[in-house]
Every structure is written in C-alpha cells, then in structure tokens.
Amino acid sequence: MKTRKELKIESKESLKRNYWKSVFVCAVYALFISGAGVFTSRLNDSDSEFFGIAIESIPIVVLVVLIFVVILFALLTLFSFALIANPFIVGVSRFKLRAIEDQGNISDMGYGFDVNYKRNVGTILLMEIYTILWSLLFIVPGIVKMYEYSMIPYILADNPDIDRKEAFSISKEMMKGNKWRAFILDLSFIFWDFLGAMTGGIVTIFYVGPYRELTKASLYKAIKVGE
C-alpha cells in the first residue's frame, strides 16, 4: 500500500510535468464550485427573506401554496445547474487521472458531456443527494458517506460504459478500509490551506489546488490497483 508521502511525491511529479494545464483546469473547477456555493447561498437567503414577509402578511392556505412553488423552483433550478456541473466534475476527474499518466489535456474537461452524459448527470446528482440526506441525520454519517462515494467521479471518468449502480458499488468497495486513509490525506493539506489563505488564494491557485487534486487522483489509482 502506497504511503501518504509516496502519493504526494507522485502527484508533485505529475504537477511538474503538467503544471500550467493543471493550474488552469483546477482554477476553472474551483471557480465553478465556489460559484455554485454562492448561488445556493443567495437562493437560500432569498427564500428566507420571502418566507419572513409571507408569514407576516399572507393567509395560511396561500402561504402553503407559495412555499411549495418556491421549493419546486429551487429544486428545478438546482437540477438545471446539475445538468452542467455534474458532467463537468466527471471531465475534471478525467483530466486528473490522465495527468497522472502525463496524458491530460484541457479538452478532457468536456469528457463528461461527450461520453454517457445522462449517466454522469444522474449518478453525481444521486451521490450529492445521498450525502446531503445522510448529513441531515448527523455530521459524522454524512462525512463517512462523503468518503464512501468519493471515488464515483473517478470511476465514471475511468469507465465509460459502467452504469450508476456499479459506480456506487465499486466506490463503496474501494473505500472499505480506505476512508480514514483518505481523511488523513485531506487533513495533511491543512497547513497548505493556511498558507493559501495568508496569500489571498494565490498559493492555492498556483500550487495547492492542483497539488491536492492530483493527489486525490493518485489515491484513486493506488486503491484501484491495490497499492
């Protein structure tokens, strides 16, 4: 089994060989994900403001209908966003896997749209829904499920013909005995994150982000071949 140090050495070497492509892809990915977070936050703020006004001034029957409409609108909006975000996540995962082997190209970001698009949208959407539902129970089960499902984007990127059920099953099997390993690997970047924050995100964009993402891809490769 590869140690954390060996995984990081492998990712650093890959980053050196694919530096600018990795920086570009990971920067676009980070902007995309952070934009999704801002969008969701504003959507929640708008809903809260609406409910505050509605509760004070609208009859209960009408209020129930309006709440239903708002929830439906929010779900439809998030689903529409998933039509773009989820295949993009698979494409970025494809780039990272190929970058580890020095074959990564910026065009890999479009892989999730070109290959098995519907499967990519549906599988990542279910992964996110399941994680959220588990998180609603308690924080720890949500974290456990997050790591249990963490290999799914790589599995989809690595296996164009695999179906949704198989992707979940394989990720679950891969992460048996490896969830703690993945958690500690993530935790090992905490000081890099502090440095990134101290530099206004510059170090994160030009080093920590690509370094972290390629290390995750290295972990997938290692678990896949039993290292």
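Just above sits the structure.
Reading the values: the criteria
- Residues numbered from 1 in each chain as written.
- Predicted model: local features only at pLDDT ≥ 70, side-chain atom pairs only at ≥ 80, totals over all residues.
- Heavy atoms only, no water.
- Phe/Tyr/Trp six-rings, centres within 6.5 Å; stacked < 30°, edge-to-face > 60°.
- Helix = DSSP H or I, 4+ residues; strand = E, 2+ residues; numbered from the N terminus.
- Buried < 20%, exposed > 50% of the residue type's maximum accessible area, 1.4 Å probe, protein only.
- Lys NZ or Arg CZ within 6 Å of the ring centre and 35° of its normal.
- Axes fitted to C-alpha atoms, helices over the stretch in contact; angles between N-to-C directions.
- Parallel < 35°, antiparallel > 145°, perpendicular 65-115°, else oblique.
- Contact = heavy atoms within 4.5 Å.
- Nonpolar A, V, L, I, M, F, W, Y, C, P; charged D, E, K, R; others polar.
- Core = buried A, V, L, I, M, F, W, Y, C linked by side-chain atoms within 4.5 Å.
- Salt bridge = Lys/Arg side-chain N within 4 Å of Asp/Glu carboxyl O.

Q: Explain the packing of aromatic side chains residue by residue, including any values.
A: Evaluated as defined, the whole model comprises 15 aromatic pairs. A ring pair is formed by Trp 192 and Tyr 211, whose centres lie 6.2 Å apart and whose planes are at 90 degrees; its orientation type is edge-to-face. Residue Trp 192 is located in helix H10 (residues 190-198), and its partner Tyr 211 is located in helix H11 (residues 202-224); the two are separated by 19 residues in the primary sequence. Tyr 211 sits in the buried class, given a relative accessible area of 2%. Taking the ring centre of Phe 189 as reference, the NZ or CZ of Lys 8 above it sits at 4.4 Å. Over the ring of Tyr 111 we find Arg 94; its NZ or CZ atom is 4.3 Å from the centre of that ring.

Q: Could you give an account of the packing of helix H6 (residues 139-148) against helix H9 (residues 179-187), with specific residues and numbers?
A: Viewed as axis vectors pointing N to C, H6 and H9 meet at an angle of 95 degrees, and their least axial separation amounts to 9 Å. Between H6 and H9, the interaxial angle falls into the category roughly perpendicular. Contacts from Val 144, Tyr 147 and Glu 148 of H6 reach H9 at Lys 179, Ala 182, Phe 183 and Asp 186. For the contact of H6 with H9, a count of residues per class yields four nonpolar, no polar and three charged.

Q: Can you lay out the environment of Ser 93 for me, pointing to particular residues and giving the numbers?
A: The topology assignment puts Ser 93 in helix H3 (residues 60-100). Sequence-distant contacts of Ser 93, defined by excluding residues within four places in its chain, comprise Pro 153, Tyr 154 and Ala 157.

Q: Residues and numbers for the nonpolar core, please.
A: The nonpolar side chains of a soluble globular protein tend to be buried with one another. Counting residues in hydrophobic clusters, the biggest one holds 38 residues, and the most contacted among them are Ile 124, Met 151, Ile 152, Ile 155, Leu 156, Leu 219 and Tyr 220. Listed by contribution, the elements that provide at least two residues to this core are helix H1 (4-17), H3, helix H5 (117-137), helix H7 (152-158), helix H8 (164-174), H9 and H11. For this core, the leading source of residues is H3, giving eight residues. The contacts of Ile 152, once residues within four sequence positions are left out, are Thr 123, Ile 124, Met 127, Ala 167, Phe 168 and Ser 171.

Q: Any chance you could break down the environment of Ala 99 for me, citing the residues and the numbers?
A: One can find Ala 99 in helix H3. Residue classification places Ala 99 among the buried positions, given a relative accessible area of 0%. For the pair formed by Ala 99 and Asn 18, sequence separation is 81 residues and the distance between their alpha carbons is 6.6 Å. Not counting the four nearest positions on each side in its chain, Ala 99 is found in contact with Ser 14, Asn 18, Gly 104 and Leu 214.

Q: How would you summarise the pattern of salt bridges if you had to cite specific residues and measurements?
A: Any two side chains of opposite charge can pair if their charged atoms end up close together. Applying the stated rule across the entire model yields 10 salt bridges. Glu 10 is the salt-bridge partner of Lys 2, the closest N and O atoms lying 3.4 Å from each other. Since its relative accessible area comes to 23%, Lys 2 is described here as partly exposed. Where Asp 102 meets Arg 17, a salt bridge forms, and the shortest distance between an N and an O atom there is 2.7 Å. Taken as a pair, Asp 102 in the loop between H3 and helix H4 (111-114) and Arg 17 in helix H1 lie far apart in primary sequence, 85 residues in all. The class for Asp 102 is partly exposed, based on a relative accessible area of 38%. Overall, Arg 17 belongs to the partly exposed group, its relative accessible area being 46%. Connected through salt bridges with shared partners, the residues Lys 96, Glu 213 and Lys 216 form a single ionic network.

Q: How would you summarise unusual backbone geometry if you had to cite specific residues and measurements?
A: With phi around 60 degrees, Asp 102 is a residue other than glycine that occupies positive phi space. Of note, Asn 116 is a non-glycine position whose phi angle comes to about 55 degrees, a positive value. Its place among the elements puts Asn 116 in the loop between H4 and H5. Of the residues examined, Asn 116 reaches a relative accessible area of 35% and is grouped as partly exposed.

Purely spatial values, then, with no claim about function.
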